Structures are given as structure tokens and as C-alpha cells.
Amino acid sequence: MTIRARIFRSSKRHFDCQRLDNKEMVTATALAMLLKEDHIVVGDWVELIPPPVVGQEWVIEKVIKRNNAIFRNLPRVQKKSVIAANVDVMLVVTSADRPDYKRGLVDRYLVRSEYWDIPAYLIFNKMDLYTGDHFDINFEAERLKWLNVECFEVSASDGKYKQKHLDQGFVELSEKLRGKTAILIGQSGVGKSRMITELSEGRIQLLSGETNRANKG
Ligand SMILES: Nc1nc2c(ncn2[C@@H]2O[C@H](COP(=O)(O)OP(=O)(O)OP(=O)(O)O)[C@@H](O)[C@H]2O)c(=O)[nH]1
Ligand SMILES: [Mg+2]
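Rules and cut-offs
Residues numbered from 1 in each chain as written. Chains lettered and ligands numbered in written order. Predicted model: local features only at pLDDT ≥ 70, side-chain atom pairs only at ≥ 80, totals over all residues. Heavy atoms only, no water. Helix = DSSP H or I, 4+ residues; strand = E, 2+ residues; numbered from the N terminus. Pairing = 2+ DSSP bridges. Axes fitted to C-alpha atoms, helices over the stretch in contact; angles between N-to-C directions. pLDDT = per-residue confidence, 0-100. Contact = heavy atoms within 4.5 Å. Core = buried A, V, L, I, M, F, W, Y, C linked by side-chain atoms within 4.5 Å. Buried < 20%, exposed > 50% of the residue type's maximum accessible area, 1.4 Å probe, protein only.

Draft legend 1. Main features of the environment of I204. Structurally, I204 can be placed in the loop between α4 (192–199) and α5 (208–214). Along the primary structure I204 and S193 are separated by 11 residues, whereas in three dimensions their C-alpha atoms are 9.1 Å apart.

Right, dumping it as C-alpha cells:
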């Protein structure tokens, strides 16, 4: 009998998997044929064979077909490099100030959301710093509506911030994300790590120093 689980963290040979039945996290290795490049990534659903003897390893026997995948193209070797799988929504995070809102960049991310076939939400973060001098949030929200992109007005650093310009704020965002798998995308400093801390109600604390150094968030 196998057990269904989801990949939470992957390294070359070992995978942290969360069991679907009891939510317990277990570490597994994978059958050699599954260890080919890109074969198992974060977000994949897998079938696990339990250890024959307590203390031995769980083994990933099968990877379930993906609904979608986040990938990079590697034109030089004419390949796709898959980064994550089975993502429900992509949060494009922007900030009202430091760094400024950049429409061109937002549009580039939205093209990727189409390309990866994952719906996007636009998050206007740091709205506690919004003055209206650099961009008009209502104009942006209106234009994004035509692209079927839902917009949210939030402040990840101010739990009491209430939206003033748009219909949807932090409460609505948290509600919509319940039970979903989301990825965050956005330039350095827009507040992605801070947002994850807020959305997880403090359960996940990303060390800004560490992530900033890698410039990945
Ligand atoms: N005023 C204000 N500051 C914020 C808000 N959200 C985040 N910050 C601050 O902005 C800075 C950058 O936030 P991070 O969460 O580290 O940004 P990031 O997008 O993860 O950046 P990288 O990891 O470099 O990609 C931190 O000093 C945060 O405290 C906000 O809503 N309002
Ligand atoms: Mg970060």
C-alpha cells in the first residue's frame, strides 16, 4: 500500500513530504528513475512506500501528473527547468514606495502567469506609504480588471491597515488563499517575506537578511 504525499522541500536525493492522510512530515528518497533532472519538485504530489522496518527510509515510487509547473527556459540547452508544480495562484507583489510601483515589470509577471497557466493576483503592498504621487492605484486596478487580475490593497507591516481605495484588502486576500498553494513574485524589497509572515499569522518567519543576500526572497 502506498501513501499519497506532497513535496515541501527538495534537495538532490532527499525530499520532505507531507502525508495527505495525517499531515505528518516525513523524509523520503526516490526510486533512481525518478531522480532524473526536474523529476521531483516542490508542490509535486507523490506516492510513498512506507519503510519496511521502522527507522528505514520512505521511498517515492511515483510522481502524479502535474496540473501546472513553474519553469524557466534554458535556451542554450533547449530545455525547461521546472522549479515548482501544482500552484493555484501567483501573487504579484508590488510596493507603493521603496521600491516604486513599476507597471512594466507587473506586466512582465502577468505574461508569465499566462505562460505558466496560473491565475494572478496583484498585491499593492506598503499602502501605508501611498501618496498618489507616483501612480494611481484605482487606474491600475481598473486596467488590471480587464485582464482578469484581482487586486488587493494591503500593508504587510501594519496589521491594522484597512483598504481605502480598493474593495479587497488583507482580510479578503487571506480568505481567498485559504487552502491554496500560492507563489509570490516581485522585485527585491516589495515585502514578499513580510507578507508570508503576515499571511501565516507569524508561523513562518523568513530571515530577511538571508533571503535578501540571495536576492530571491
Ligand atoms: N512601510 C512598510 N514597510 C514594509 C511593508 N512590508 C514590508 N516592509 C518593509 O520592507 C522591507 C523589505 O521587506 P521584505 O519582506 O524583506 O521584502 P522582500 O520582497 O522579501 O525582499 P527580497 O527578499 O530581497 O526579495 C522590510 O524592511 C520590511 O519591513 C509595508 O507594508 N509597509
Ligand atoms: Mg524576502
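There's more to say after this.
Draft legend 2. Inspection of the sheet that holds strand β4 (residues 45–49) at higher detail. Overall, mixed pairing links the five strands, which are arranged β1-β2-β3-β5-β4 in a closed barrel. In this sheet, neighbouring strand axes are inclined to one another by 55° on average, regardless of whether the strands run parallel or antiparallel. Bridging between β4 and strand β5 (residues 58–63) involves four bridges; their strand directions are antiparallel. Its bridge partner being in β5, V46 is matched across the sheet by V63.

Draft legend 3. Quick peek at the confidence of the model for the protein chain. Averaged over every residue, the pLDDT of the protein chain is 91; residues scoring 70 or more account for 94%. Predicted confidence is poor over residues 209–217, with pLDDT under 50, and the contacts of this stretch with residues over four places away or in other chains come to seven contacts.

Draft legend 4. Seen up close, the nonpolar core. Membership of the largest hydrophobic core comes to 32 residues, with the highest contact counts inside it found for M90, V92, W116, L122 and F124. The set of elements that each furnish at least two residues to this core consists of β6 (69–74), β7 (79–85), β8 (89–95), α1 (103–116), β9 (120–125), α2 (137–145) and β11 (182–185). By size, the runner-up hydrophobic cluster in this structure holds 15 residues, among which are I3, I40, L48 and V63.

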